[in-house]
Amino acid sequence: MSSHNSDLREKIEEAKNRLPLPSLLERFGLQVPNNGEGNLRSPFAKGRRQKSPSFSIFRKNGAWGWCDRTGGQELKRDEIDFIEQFDKIQRAEAIRRYLSMAGVVDGVYPTAHKEAFSANSPKPIEGLASNSLLDWPACVAKFTDDHAARLAELRGYSLKFVCWMRDQSLIGIRKDGIAFPVHRSDGALVAAHIRPRSGRWFYHPRGAGCHPFIVGSAKSAKQAMVFESQWDAFAVMEALGWHESAPEGWAIVMTRGASNGRFASAATGAVYAWPQNDPEKDGKRAGEMWLADVAAAAPGAVFRVVTPPEFKDANDWARASRVDVWAAIEGAKPVRKPPSRFEMATGGPIRPIDEPRNQPPARPTVDPNTVLDEMGMYWLNGSGSYFLRSINGRDRFLEMGVAEIRRKLRVRGFRSRPDAEGGEKVSQLDCILDAATEHQAVDLAVSIGGMASGVYDMQGGRVLVRESPRLIKPISGSCETILDFLFGLLGAVQMDYLLSWLKLAYQALLASERRPGQCLIIVGPPDCGKSRIQHQLITPLLAGRSADPKSFFFGRTDFNAELVGAEHLLIEEVPASTRHEDRQFFGERIKEIVANDTARLHKKNRDAVTVCPFWRLSITVNNNPEKLRSLPPLTDDLAEKIILLEANPCPEFWSKFENSSDPRIAFREAVTSELPAFADFLLKMEIPTALVGRRYGVRSYISEELAQTLFESEPEHHLLILIDKELWREQETVVPWQGDAEDLKQALTSESSSVRASASRLLGAYPTACGQYLARLASKLPDRFEKKRTAEKRGWRINPPAS
């Protein structure tokens, strides 16, 4: 055998691998069956009427062939014979043309033959810019959110993944059918592969030929996953989290059908093929034949990824359960590459299984602690929860289970099984997770008001703060609506107190300082707008996090993790209880929130720890007597920790929104748009000198009218009325009364007393009631109640009322 003939045979063999008969026929404009084999109308019967298909395509002993029975004669040939017969040229010219079309030798030939079988075939497509038959960006634009939702539901993908495919221009809509792009080897987009409602796939426009569907750079990737169907590929890509972070060094090749395994030649590195578990038909399995074609065409080593036999394909596997893709790849088996037809003809050597096997993907030696620091990963002690620092621009930690963390690590390229050949006894994933339990364990994971996300050592344990406060960025502008609203509701004096209180809180949060502030109580008639101050102003300014502390305040629960995670503690309408003990307990809780620098954080099923949250407490109450009596007694130590404001209706302000379809929504939108300007206004305003306080930055304040109303509901006020009625029954008596608390009690409850029954009920609650009430009266009315204490006796001097 001459060297020339040997070289020619090798080139013909290579051309048949690159451009087998089905692809060659598509180049000539013929509509080839999906699996490559079948019958169609003869391309040689030009101008003749054909009652039935007389041209057959078949595959025998690994080689493609064709048979034509037109005009009573039968021809059986290969690819070169087809070109010779179709173009009516000599065999030498047919060989040269075929080698050129397959790209084995230099030469320029059209991608679609000028005398193709279909008279309606388009002219050769040189690029998308000059192709008026396909506007792929328009196809992508037609793929709406509704299409994405339907496809996600139909195929079991997440909506996020489907939208990512659309954003990457990997999917579109053409002629009411779902479509995928078709690119030539040079990258030019030449057609769309379309599946209409009928389910029969077709290409538009015709004549572009069949090409693989590739995601990533198959030419430069070290490894490629090859699939028969795009649905299988998409399911595996989503399981890998491809739409979040594509694995480095990998590409995806989809052959668009079982007859196109030759497209695996597009991958230059190791190939991991995912054959389908097709049922046997005529003694053959399409998936196995496809795998054989892949093994023959792939230039590098080929490995078979096994889909469990109970599933038809990778798509069904992914829909039924969460696929461990890396574990499946690592368990892939090498595929013996079949001998080429040239080797079979010449008796050349049969290629052995490629050894050693390439391990996917190439992974460096792992330092667990470095990985944990880079990822910001922590483990919650005694649980199956891990926390990973978010990379989407928000300063927070995301909670994940073991499965999600393992997937994240596999996507980053770490092995889930030990490398026995490398001497590993534990996988890289397990080394990292074990290091997390040793060095990155935390005792509690919560958000804490005013604290930036991170890990802190606190009294009682190590705490992971999950999320930082999200504060409104101040921007210079107008906040006229907000200021008009506050002025109409509170008036000028009370408005100054509220603005000063808000300024100090917002300023402290911006500076990451924990500064105490009084409890803000707003009393007013129903539907006057007092609650809107809480929801539309205070909560957004204080990082947008609020919590209702009623259950904690009134002794229903000791768990307060929700409260610790919010900067704004908000109470609307205090639970109605006139019991003095309940009101006192309420007051003690208010003092704890306002005055204490630390708080006891108790989360369910966790030990309590001591933390330092930033808190502001606001309460709104309707102004009817029953609701007011639910507020705690205004003792001296509580009064200094309260700013008590009285709200009044402001119909003039609300008239601005009366023409809106929904005045509440219009008000909310107006306030929201002005919040950045309002924040800037607060930072620039000066607190009036008369309002400056040493302890909280602004003085406490209680409306005089409300103070009198609240005083009149207290038991000491009742005692004052009884004293005035009994001790000064005779109007001419102006001499002060002197004695101790027990003397007063006996005087008011004696048989001759005109207020005996009322006094007995009031002062008989407990032995020291009279003395406590006298002390409160002395605090509120020092001109009338004076302490006269000696070494022997603790007495009181009560002056008569003014005439």
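Provided above is the structure to which this section pertains.
Because the structure is a prediction, the values reported are computed rather than measured.

The rules behind the values
- Residues numbered from 1 in each chain as written.
- Predicted model: local features only at pLDDT ≥ 70, side-chain atom pairs only at ≥ 80, totals over all residues.
- Heavy atoms only, no water.
- Helix = DSSP H or I, 4+ residues; strand = E, 2+ residues; numbered from the N terminus.
- Buried < 20%, exposed > 50% of the residue type's maximum accessible area, 1.4 Å probe, protein only.
- Contact = heavy atoms within 4.5 Å.
- Pairing = 2+ DSSP bridges.
- Axes fitted to C-alpha atoms, helices over the stretch in contact; angles between N-to-C directions.
- Core = buried A, V, L, I, M, F, W, Y, C linked by side-chain atoms within 4.5 Å.
- Parallel < 35°, antiparallel > 145°, perpendicular 65-115°, else oblique.
- Left-handed = near helix turned anticlockwise from the far one by under 90°.
- Lys, Arg positive; Asp, Glu negative; His and termini not counted.
- Salt bridge = Lys/Arg side-chain N within 4 Å of Asp/Glu carboxyl O.
- Phe/Tyr/Trp six-rings, centres within 6.5 Å; stacked < 30°, edge-to-face > 60°.
- Lys NZ or Arg CZ within 6 Å of the ring centre and 35° of its normal.
- Polar contact = N/O pair within 3.5 Å; in protein donor to acceptor, adjacent residues only side chain to side chain.
- Expected span 1.5 Å × (residues − 1).

Chemist: Could you clarify how one ought to interpret the overall build of the protein chain in this entry?
Modeler: Each helix and strand counted, the protein chain has 29 helices and 34 strands in total. Per-residue burial over the protein chain gives 50% buried out of 803 residues. The contacts of the protein chain with a sequence gap of at least 6 include a subset with a gap of at least 24, amounting to 66%.

Chemist: Explain the pairing of strand E3 (residues 63-68) to me, please; I cannot follow it from the model alone.
Modeler: Residues in a regular strand point their side chains to alternate faces of the sheet. Within E3, five of the six residues are buried, which leaves the element mostly enclosed by the surrounding structure. Sheet analysis places strand E2 (residues 55-60) next to E3, joined by six bridges and oriented antiparallel. Each bridged residue has a counterpart across the sheet, and for Ser 56 the counterpart in E3 is Cys 67.

Chemist: Just checking my understanding: could you explain the sheet that holds strand E19 (residues 444-446) for this structure?
Modeler: Within a beta sheet, neighbouring strands are joined by backbone hydrogen bonds and run either parallel or antiparallel to one another. Here three strands make up an open sheet; going across it, the order is E19-E21-E20 and the pairing mixed. Each edge of the sheet is formed by a strand with only one pairing partner; in this case those strands are E19 and strand E20 (454-458). Strand after strand, the sheet turns through a mean of 25° between neighbouring axes, direction not considered. Strand direction decides the pairing type here: E19 and strand E21 (residues 461-465), joined by three bridges, are parallel. Bridged to Val 446 within E21 is Val 465.

Chemist: I would appreciate a short explanation of the sheet that holds strand E11 (residues 250-254) in the present structure.
Modeler: A sheet is described by the order of its strands in space; here six strands give the open sequence E9-E11-E10-E12-E13-E14, paired in mixed fashion. The open sheet is flanked by strand E9 (213-215) and strand E14 (333-334), the only strands paired with a single partner. Looking at chain direction, strand E10 (residues 223-227) and E11 are connected through five bridges and run parallel. Considered in E11, the bridge of Phe 227 is made with Met 254. Against the sheet, helix H8 (residues 230-239) touches E9, E10, E11 and strand E12 (270-274), its axis set at about 155° to E11. This element, helix H9 (residues 286-297), spans E10, E12 and strand E13 (302-304) of the sheet and lies at about 170° to E12.

Chemist: Just checking my understanding: could you explain the nonpolar core for this structure?
Modeler: Soluble globular proteins: nonpolar side chains tend toward being buried together. Counting residues in hydrophobic clusters, the biggest one holds 47 residues, and the most contacted among them are Leu 486, Leu 489, Leu 498, Leu 502, Leu 520, Ile 533 and Phe 678. Those elements giving two or more residues to this core turn out to be helix H16 (480-510), strand E22 (519-524), helix H17 (530-541), strand E28 (642-646) and helix H24 (663-684). Among the elements that take part in this core, H16 stands out by supplying 17 residues, more than any other. With residues near it in sequence (within four places) discarded, Leu 486 still touches Gly 491, Met 495, Leu 498, Leu 499, Ile 533, Leu 537 and Phe 678. Of all hydrophobic cores here, the second largest spans 46 residues; its members include Leu 151, Trp 164, Val 236 and Phe 311.

Chemist: Got a minute to help me understand the packing of H17 against H24 in this structure?
Modeler: Think of two packed helices as two axes; the pair is described by the angle between the axes and how far apart they sit. Put simply, H17 and H24 touch, their axes get as near as 10 Å, and they point 40° apart. Comparing the axis directions of H17 and H24 gives the class oblique. Here the hand of the crossing between H17 and H24 comes out right-handed. Contact with H17, carried on its side by Arg 532, Gln 536, Leu 537, Pro 540 and Leu 541, involves Arg 664, Phe 667, Arg 668, Val 671, Leu 675, Phe 678, Ala 679 and Leu 682 of H24 and no other residues of that element.

Chemist: Can you help me understand the side chain of Glu 646 in this one?
Modeler: Among the structural elements, Glu 646 can be located in strand E28. Within the buried set, Glu 646 has no salt-bridge partner at all; the shortest N-O distance to an opposite charge, 11 Å, is to Lys 530.

Chemist: Explain the packing of aromatic side chains to me, please; I cannot follow it from the model alone.
Modeler: What describes a pair of aromatic rings is the distance from one ring centre to the other and the angle between the planes of the rings. The full count for this structure, using the stated rule, is 30 aromatic pairs. Taking the centre distance of 5.4 Å and the plane angle of 45° together, the rings of Phe 485 and Phe 653 count as tilted. In this pair, Phe 485 sits in helix H16 while Phe 653 sits in helix H23 (residues 651-654), placing the two residues 168 residues apart along the sequence. This pair shows no difference in class: Phe 485 is buried, exactly as Phe 653 is. Put simply, the rings of Tyr 157, Phe 161, Trp 164, Phe 180, Trp 201, Phe 213, Trp 231 and Phe 234 pair up and form one aromatic cluster. Stacked on the ring of Trp 231, the Lys or Arg Arg 155 has its end atom at 4.1 Å from the ring centre. Its end group placed over the ring of Phe 263, Arg 262 keeps NZ or CZ at 4.7 Å from the ring centre.

Chemist: Can you walk me through the pattern of salt bridges in this structure?
Modeler: In total, this model carries 32 salt bridges according to the counting rule given. Residues Lys 408 and Glu 244 are paired through a salt bridge, measuring 3.4 Å at the closest nitrogen-oxygen approach. With Lys 408 in helix H14 (residues 402-411) and Glu 244 in the loop between H8 and E11, this pair connects stretches of sequence that are 164 residues apart. Given a relative accessible area of 25%, Lys 408 falls into the partly exposed group. On the basis of relative accessibility, which here comes to 41%, the residue Glu 244 falls in the partly exposed class. Across the pair Asp 637 and Lys 591 runs a salt bridge, and its minimum N-O distance is 2.7 Å. In this pair, Asp 637 sits in helix H22 (residues 636-639) while Lys 591 sits in helix H20 (residues 580-595), placing the two residues 46 residues apart along the sequence.

Chemist: Looking at this structure, I do not really get H8. What am I missing?
Modeler: Owing to its 3.6 residues per turn, the α-helix aligns residues three or four sequence positions apart on the same side. For H8, the tally of buried residues reaches nine of ten residues, placing the bulk of the element in the interior. When we look at burial in H8, the residues that qualify are Gln 230, Trp 231, Asp 232, Ala 233, Phe 234, Ala 235, Val 236, Met 237 and Glu 238. In this structure Ser 229 caps H8, since a side-chain oxygen of it lies 3.0 Å from the backbone nitrogen of Trp 231.

Chemist: Honestly, H9 in this entry has me stumped. Any pointers?
Modeler: Here H9 is twelve residues long and its end C-alpha atoms lie 16 Å apart, about the 16 Å a rise of 1.5 Å per residue gives. For H9, every residue scored as buried is listed here: Gly 287, Trp 290, Leu 291, Asp 293, Val 294, Ala 295 and Ala 297.

Chemist: Help me out: how do you make sense of the environment of Cys 210 in this one?
Modeler: Along the chain, the position of Cys 210 falls in the loop between strand E8 (202-204) and E9. Note on Cys 210: relative accessible area 9%, which makes it buried. Separated by 183 residues in sequence, Cys 210 and Arg 27 place their C-alpha atoms 8.3 Å apart. Non-local contacts of Cys 210, meaning those with residues more than four positions away in its chain, are made with Glu 26, Tyr 203, Asn 260 and Phe 263.

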